Structures are given as C-alpha cells and as structure tokens.
Amino acid sequence: MSVRTLPLLFLNLGGEMLYILDQRLRAQNIPGDKAHKVLNDIISTMFNRKFMEELFKPQELYSKKALRTVYDRLAHASIMRLNQASMDKLYDLMTMAFKYQVLLCPRPKDVLLVTFNHLDTIKGFIQDSPTILHQVEETFRQLTEQTYGGLSAGEFQLIRQTLLSFFQDLHIRVSIFLKDRVQNSNGRFVLPVSGPVPWGTEVPGLIRMFNNKGKEVKRVEFKHGGHYVTAPKEGSFELCGDRVLKLGTNMYSINRPVETHMSGASKNLASRTQESIVPNPLAKEELNLLARLMGGMEIKKASGPEPGFRLNLFTTDEEEEQAALTRPEELSYEVINIQATQDQQRHEELARIMGEFEVTEQPRPSTSKGDDLLAMMDEL
C-alpha cells in the first residue's frame with residue numbers, strides 16, 4: 001500500500017462532491033447567493049492550509065467509514081444541511097465516479113491529470129474569491145512540486161493499486177453510468193476496447209522478437225479486437241494547460257437526474273465485510289489520527305443569524321424518505337468509545353475537536369426531519 005494515496009483520494013472525491021452539490025443547488029433553484037456561499041465555504045474548508053498539511057503527511061488510507069466521516073463534516077461546513085439518506089447518496093455518487101475514473105486511467109500517472117481536472121473545475125467555482133483561489137493553487141503546487149512530481153512509474157502504479165483496493169467492494173449502480181452503458185446491472189464497470197492508448201505506447205497488434213544480442217529478428221501481427229488509436233499528445237501537468245484526458249471533468253454540467261442503487265451482490269458483500277461487527281484494534285488510533293486531520297479543518301462558525309436550508313439529493317422528499325427506510329442495516333454506524341484519560345493533552349484536543357462538531361440547529365417546525373443533524377458525527 002502506498003502512503004501517498006490519501007491526498008489524491010480526498011481531492012478527487014471532494015471534487016466529485018462539489019460537482020454533485022452544484023448540480024443539486026441549481027436543480028432545486030436555491031438562490032444564487034446562498035448557492036455561492038455554500039460552495040465557497042466548503043472549498044475554503046477543504047483547502048484550508050492546516051488541513052492540507054495534515055492531509056499530505058505520508059499515511060495509510062483511512063477506512064471507508066472514517067473517510068465518510070470527513071466528508072460528512074465537510075458537506076456541512078456551510079449553511080446547507082443534508083439528512084442521512086441524501087448524504088448516503090452523495091457519498092455513493094462520489095465514490096463510484098472516482099472509481100470509474102481510476103479504472104479508466106490510461107497510465108497510473110494519469111490519476112494526477114484526473115486530479116487536475118477536478119482542481120481546474122473547482123477554480124471555476126471560486127473565480128471571484130482570490131483568497132480561496134490562492135488556497136487551491138497552493139495545493140496544486142504541493143501536488144506537483146513537493147509530493148508527486150518526482151515519483152516513478154512504479155510508485156504511481158502502487159498508488160493506483162491502493163486506490164483500486166479501496167474501491168474493490170463497491171458496486172453501486174448509478175443511472176448515468178447505466179444509461180451510457182459503461183456499467184453493468186450488477187454495478188461493475190465495462191472497460192472499453194477502443195480509443196487512445198496511453199501516451200508513449202503503440203497501438204496493439206504487433207509482436208517483435210529479438211535475439212540474445214538485442215537485434216530484432218521477427219515480427220508477428222495479431223488482431224486485437226479493438227479500435228485503438230495513438231494518443232495525440234500528453235496532458236499538461238502545469239498549473240494551467242490542456243489536460244487532454246477528460247476523466248475527472250464535471251459530468252453533471254448537463255442537468256439530468258442521477259439515481260443510485262446498491263446491487264444484491266453488493267449488499268451481501270457488505271454484510272460479510274462490514275467493519276463494525278468485529279472491533280478493529282487499530283480503530284481508536286485511526287480515530288485519533290482522524291481527529292487530528294479534522295481538527296485542521298477549522299470550521300467557521302456562522303457570524304450571523306443567516307438561515308440554513310436543506311438540500312435533497314433525491315427528486316422528491318418521498319424518495320428520500322423511502323431511501324432512508326430501505327437503508328441496509330450494515331451501513332449503520334456503531335459507537336466507538338475513545339479512552340484518552342492517560343494523555344491529558346490529547347484528551348483536551350479531542351474534546352475541542354468534538355466540540356466543533358456540534359452544529360447550531362436552525363428553528364424548524366415540529367414536522368422537520370432533523371436535517372441539520374450530523375448523524376455520522378452523533379453516532380460515531
């Protein structure tokens with residue numbers, strides 16, 4: 001496993017989250033000023049300097065449950081609120097989109113181009129916010145100059161394998177992928193046998209044989225069964241440039257409904273692999289690391305009585321309620337007690353961070369669904 005994978009995983013999943021939220025904010029006709037504030041607040045929190053410093057430290061990937069906790073907190077960094085069912089759907093869409101992108105990367109190194117596509121679009125969301133834009137560009141420089149610029153092809157291959165290992169048990173069907181026929185009904189993706197080959201490689205169809213002196217002695221052609229072409233050029237790894245690769249761009253720019261469904265095979269697999277059945281001896285240490293990471297997020301408290309609003313990731317409230325009722329039991333989150341009394345400084349740090357998790361409730365009628373509760377944080 002690569003200890004340099006977490007920044008790429010976080011940034012790409014975060015980019016997909018912003019794409020989805022932007023689409024739903026527009027679909028629900030949220031006023032422009034509120035929508036703009038939501039995206040600005042989330043991006044500012046996501047690219048906070050202290051948070052990025054913690055994120056880029058060499059470390060193992062967090063578990064799916066722990067990483068989900070980070071995005072739950074990040075999604076609620078502004079005046080917007082999601083209930084549990086909508087947060088589930090948001091996270092499902094994020095993970096399946098990035099899984100598809102990792103699978104289709106022509107070269108392991110191209111996962112960087114996928115990341116840059118996300119960052120390029122994120123910069124478009126905050127063009128009128130120079131301070132936040134500077135944060136994003138600093139992260140870009142850290143990616144290229146300090147962390148990934150000098151890695152070998154083998155190290156990028158290890159990063160790609162680490163990402164695929166993280167996603168291997170997720171087979172959630174997404175309507176966009178099903179309609180475009182890039183995903184089967186069982187939730188598995190269809191790998192193409194056409195299009196450009198990786199930069200620096202040749203179109204398949206020729207076998208060269210060499211003697212012990214390195215001289216070519218024979219050529220044999222074969223039918224590869226696909227429709228491959230040579231890559232026109234390599235994507236740019238500069239701050240601004242043509243990435244060539246389209247993976248990681250915003251597929252929600254065209255307004256169309258997106259549904260998710262967990263296949264039967266995935267439900268059974270989740271039942272066999274749920275992380276909360278057998279206590280993980282490293283769980284407490286992971287949560288301490290997670291707390292330190294989230295402590296760098298520096299969630300900004302609302303300075304005024306600006307009312308919040310609920311965002312629904314489903315077409316109707318009825319669909320959202322039905323999704324909550326049919327939520328697989330294995331996706332529930334159990335309580336993990338953290339004993340920090342032996343380390344007073346750590347105890348105080350965790351107490352401070354957990355105190356920041358509290359969200360001031362907005363006045364609401366008695367029929368409210370409790371949309372402003374961070375269920376993940378309350379149940380962890």
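Refer to the structure presented above.
Note that the structure is a prediction, hence the values are computed from the model and not measured.

Draft legend 1. Region of interest: the overall build of the protein chain. Each helix and strand counted, the protein chain has 14 helices and eight strands in total. With 380 residues in all, the protein chain has 48% of them scored as buried. Within the protein chain, residue pairs in contact and separated by at least 24 positions form 79% of the contacts whose partners lie at least 6 positions apart. For the protein chain, the computed accessible surface area is about 19500 Å², with 52% contributed by carbon and sulfur atoms.

Draft legend 2. Region of interest: the nonpolar core. By size, the foremost hydrophobic cluster in this structure holds 83 residues, and its most contacted members are F10, Y71 and L90. Counting residues per element, this core draws most heavily on helix α1 (residues 6–27), which supplies 12 residues. Residues in contact with Y71, not counting those within four places in the same chain, are L9, F10, L13, G14, M17, M87, Y91 and M94.

Draft legend 3. Quick look at empty space enclosed by the protein. Enumeration according to the criterion identifies one cavity of 30 Å³ or more in this entry. Surrounding the largest cavity, V3, R4, P7, L55, F56, K57, P58, T147 and Y148 form its lining. When the residues that make up the lining of the largest cavity are grouped by side-chain class, the tally is six nonpolar, one polar and two charged.

Draft legend 4. Quick peek at helix α4 (residues 64–75). Relative to the 16 Å expected for 12 residues at 1.5 Å per residue, α4 spans 16 Å between its end C-alpha atoms, a close match to the ideal helical length. Among the 12 residues that make up α4, 11 are buried, leaving the element largely enclosed by the rest of the structure.

Draft legend 5. Quick look at the packing of aromatic side chains. Throughout the structure, instances matching the rule amount to 11 aromatic pairs. Aromatic side chains F98 and F167 sit 5.7 Å apart centroid to centroid with 80° between the ring planes, which places their arrangement in the edge-to-face category. Here F98, found in helix α5 (residues 84–104), pairs with F167, found in helix α8 (residues 153–167); they are 69 residues apart in sequence, far enough to count as distant. Judged on exposure class, the residue F98 and its partner F167 are both buried. Here Y100 and F177 contribute two aromatic rings whose centre-to-centre distance is 5.0 Å and whose plane-to-plane angle is 40°, an arrangement assigned as tilted. Placement of Y100 in helix α5 and of F177 in helix α9 (residues 175–179) is noted, with a sequence separation of 77 residues between them. One exposure class covers both Y100 and F177, and it is buried. One aromatic cluster in this structure is built from F10, F51, Y71 and Y91. The ring of F166 is capped by K64, whose NZ or CZ atom sits 5.0 Å from the centre of that ring.

Draft legend 6. Local environment of helix α7 (residues 130–147). Taking 1.5 Å per residue as the helical rise, α7 with its 18 residues ought to reach 26 Å, and the 24 Å between its terminal C-alpha atoms agrees with that figure. Taken as a whole, α7 has its buried residues at I132, L133, Q135, V136, T139, F140, Q142, L143, T144 and T147. Residues of α7 that are buried make contact with α1, α2 (32–46), α3 (49–55) and α6 (111–125).

Draft legend 7. Molecular detail of the pattern of salt bridges. Taken as a whole, this structure holds 14 salt bridges when the rule is applied. Notably, a salt bridge pairs E53 with R49, separated by 2.8 Å at the nearest N-O pair. Here E53 pairs with R49, and both are found in helix α3, just four residues apart, close to one helical turn. Classification of E53 as partly exposed rests on a relative accessible area of 42%. Between R219 and E216 there is a salt bridge, and its shortest N-O distance comes to 2.4 Å. Note on E216: relative accessible area 30%, which makes it partly exposed.

Criteria and cut-off values
Residues numbered from 1 in each chain as written. Predicted model: local features only at pLDDT ≥ 70, side-chain atom pairs only at ≥ 80, totals over all residues. Heavy atoms only, no water. Helix = DSSP H or I, 4+ residues; strand = E, 2+ residues; numbered from the N terminus. Buried < 20%, exposed > 50% of the residue type's maximum accessible area, 1.4 Å probe, protein only. Contact = heavy atoms within 4.5 Å. Areas by Shrake-Rupley, 256 points an atom, 1.4 Å probe, with all protein chains shown as cover. Core = buried A, V, L, I, M, F, W, Y, C linked by side-chain atoms within 4.5 Å. 1 Å grid on protein atoms, 1.4 Å probe; cavity = no way out; pocket = protein on both sides within 12 Å on 5 of 7 lines; lining within 4 Å. Points joined across faces, edges and corners; volume = space filled by probe spheres on them. Nonpolar A, V, L, I, M, F, W, Y, C, P; charged D, E, K, R; others polar. Expected span 1.5 Å × (residues − 1). Phe/Tyr/Trp six-rings, centres within 6.5 Å; stacked < 30°, edge-to-face > 60°. Lys NZ or Arg CZ within 6 Å of the ring centre and 35° of its normal. Salt bridge = Lys/Arg side-chain N within 4 Å of Asp/Glu carboxyl O.

These figures capture arrangement, not role.
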